[in-house]
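Coordinate analysis (summary)
Listed below, chain by chain, are the residues.
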Amino acid sequence: MRIVEKAEVFEKLTMEKCIEVMHGAFIKLESGKCVQPPRTIHALDGVNMFGFMPAYLGKGDYFGAKVINACSANIGTKYPSHVGYVIIFEAEHGTVAGMVEAGSITQIRTGAVSAVATDLLARADADKLAIIGAGAQGRSHLEACMCVRNIKEVSVYDISDEAAKRYAAEMTDKFGIPLKVTASVQEAVKDADIICTVTPSKEPYLKPEWIKEGAHINAVGTFTPTTREVTSQLVKASRLYSDYTDAMKKESGEYLIPLSEGLIDESHIKGSIGELLLQKAEGRTNDKEITLFAALGLAVEDVAAAAYVLNS
């Protein structure tokens with residue numbers, strides 16, 4: 001059995017390769033070739049969230065689970081906010097093939113999934129990006145969006161101005177692209193063609209009056225029925241897409257809260273990423289509408305990414 005740690009994951013699982021792996025995973029999932037039982041997430045002491053996320057990639061392929069602790073108290077410290085491993089089994093005999101560090105898998109695959117969604121839903125000429133949240137996912141999403149669009153301008157907002165400035169300096173040095181640190185979310189998203197919200201906010205903050213016509217939003221930071229980053233009014237004003245619709249109907253605050261308020265109904269979900277890839281759902285229909293991808297994160301993404309790392 002192999003144990004793959006963070007440095008090796010980042011070496012082997014490039015963003016470009018992970019986008020390709022996510023394409024395949026979404027097609028298999030939507031085609032019914034994968035099995036993804038419901039994940040279980042438990043709140044521990046009001047700070048930590050302990051999760052078990054299983055998936056089976058299909059006959060003759062791998063199965064496994066991400067076992068992870070999400071500790072929001074670690075944000076801004078020397079400790080990672082996500083701690084755990086993806087455990088991979090081979091299907092033929094059920095033996096353990098290996099364990100892959102989960103924080104790095106989560107960081108890379110989440111950005112890659114948003115890249116797939118952005119490529120399918122953002123305007124072809126989208127070149128202004130706003131990042132809300134200057135942590136690991138803010139870094140991942142900038143790199144991911146640059147893989148699928150010709151990004152020329154980036155604005156960033158974080159509740160910590162110091163974190164935002166550090167992010168801007170690091171990303172400018174890494175990618176050679178100008179980054180603007182803003183004093184508010186509203187300023188960051190004002191002219192953005194693509195918006196990535198990657199914060200652990202418990203309350204919605206992204207409002208429809210701030211969003212330009214034709215923008216695409218990746219709402220990534222929250223993953224429970226009671227938390228969200230996007231206001232109900234903005235969800236109502238957008239074409240809404242899921243990573244997996246069954247999961248969205250059970251777990252997504254972005255969808256469930258405006259549904260409970262009577263602002264939308266089930267038909268407001270226009271499709272999943274897999275359905276878009278298989279041309280079973282319609283994407284953007286004009287250059288003026290706002291598209292919204294509300295991501296939860298799926299076990300099939302983790303298992304597919306970890307299996308690739310083990311085999312590369």
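Here the structure is shown first, and the text comes after it.
Computed from a predicted structure; not experimentally measured.

Side note on the pattern of salt bridges
Note that side chains of opposite charge can pair when their charged atoms are close. The full count for this structure, using the stated rule, is 18 salt bridges. With its nearest N and O atoms 3.8 Å apart, the salt bridge here joins arginine 239 to glutamate 289. Pair noted here: arginine 239 is in strand E12 (residues 238–242) and glutamate 289 is in the loop between helix H10 (273–277) and strand E14 (290–294), with a separation of 50 residues, a long-range link. Here glutamate 289 falls in the buried class, since its relative accessible area comes to 15%.

Quick word on the pairing of strand E6 (residues 96–101)
Alignment of strand E1 (residues 2–4) against E6, held across three bridges, turns out to be parallel. Within the sheet, the bridge partner assigned to valine 4 lies in E6 and is valine 100. For strand E5 (residues 82–90) and E6, the ladder comprises five bridges, and the chain directions are antiparallel. Considered in E6, the bridge of isoleucine 87 is made with methionine 99.

Quick notes on the environment of serine 201
If you trace the backbone, serine 201 turns up in the loop between strand E10 (194–197) and strand E11 (216–219). Residues serine 201 and glutamate 229 lie 28 residues apart in sequence; the distance between their C-alpha atoms is 6.3 Å. Filtering out sequence-adjacent residues up to four positions away, serine 201 remains in contact with Thr222, Thr227 and Arg228.

Observations concerning the sheet that holds E6
Strand pairing in a sheet relies on backbone hydrogen bonds. The paired strands run either parallel or antiparallel. Within the open sheet, the six strands sit side by side as E1-E6-E5-E4-E3-E2. Their pairing is mixed. Strands at the two margins of the open sheet, each flanked by one partner only, are E1 and strand E2 (40–44). Along the sheet, successive strands turn relative to each other by an average axial angle of 15°, direction set aside. As judged from the nine bridges shared by strand E3 (residues 48–56) and strand E4 (residues 62–71), these two strands associate in the antiparallel manner. What sits directly across from methionine 53, in E4, is lysine 66.

Description of the sheet that holds strand E13 (residues 269–272)
Sheet architecture is open: eight strands sit in the order E9-E8-E7-E10-E11-E14-E12-E13, paired in parallel fashion. Whereas interior strands pair on both sides, the edge strands pair on one side only; in this sheet they are strand E9 (179–181) and E13. Mean inter-strand twist for the sheet, computed between neighbouring axes without regard to direction, equals 20°. Relative to the sheet, helix H3 (residues 102–121) contacts E10, E11, E12 and E14, its axis offset from that of E11 by approximately 160°. Seen against the sheet, helix H4 (residues 136–148) touches strand E7 (128–132), strand E8 (153–157), E9 and E10 and runs at an angle of roughly 165° to E7.

Remarks on the packing of aromatic side chains
Counting across every chain of the model gives two aromatic pairs. Taking 6.3 Å as the distance between ring centres and 75° as the angle between the ring planes, the aromatic pair formed by tyrosine 56 and phenylalanine 63 counts as edge-to-face. Phenylalanine 63 sits in the partly exposed class, given a relative accessible area of 28%. Between phenylalanine 63 and phenylalanine 89 the ring centres are 5.1 Å apart and the planes differ by 5°, which places this aromatic pair in the stacked class. Taken together, the residues span a long stretch of sequence, with phenylalanine 63 in strand E4 and phenylalanine 89 in strand E5 at a distance of 26 residues. An aromatic cluster is defined as three or more aromatic residues linked by ring pairs; in this entry it consists of Tyr56, Phe63 and Phe89.

Quick notes on the rules
Every chain begins its residue count from 1, and numbering advances along the sequence as written. Whole-chain, interface and lining totals are the exception, using all residues; otherwise, since this is a predicted model, local features are given only for residues with pLDDT of at least 70 and side-chain atom pairs are given and counted only at 80 or more. Side-chain measures were taken over the full set of non-hydrogen atoms in the model, leaving aside hydrogen atoms and water. Salt bridge, as applied in this entry: a Lys or Arg side-chain nitrogen positioned within 4 Å of an Asp or Glu carboxyl oxygen. Every helix listed is a DSSP run of H or I at least four residues long, and every strand listed is a run of E at least two residues long, numbered separately from the N terminus. In this scheme, a residue with accessible area under 20% of its type's maximum is buried, one over 50% is exposed, and one in between is partly exposed, where area comes from a 1.4 Å probe on protein chains only. Between any two strands, at least two bridges found by DSSP are needed for them to pair. We call two residues in contact whenever any of their non-hydrogen atoms come within 4.5 Å of each other. An axis is simply a line fitted to the C-alpha atoms; with a helix, the fit covers only the stretch in contact. Between two such axes, the angle follows the N-to-C directions and lies from 0 to 180 degrees. Here is the rule: rings of Phe, Tyr and Trp (six-membered ring for Trp) pair when centre to centre is within 6.5 Å. Planes less than 30 degrees apart are stacked, more than 60 are edge-to-face, and the remainder are tilted.

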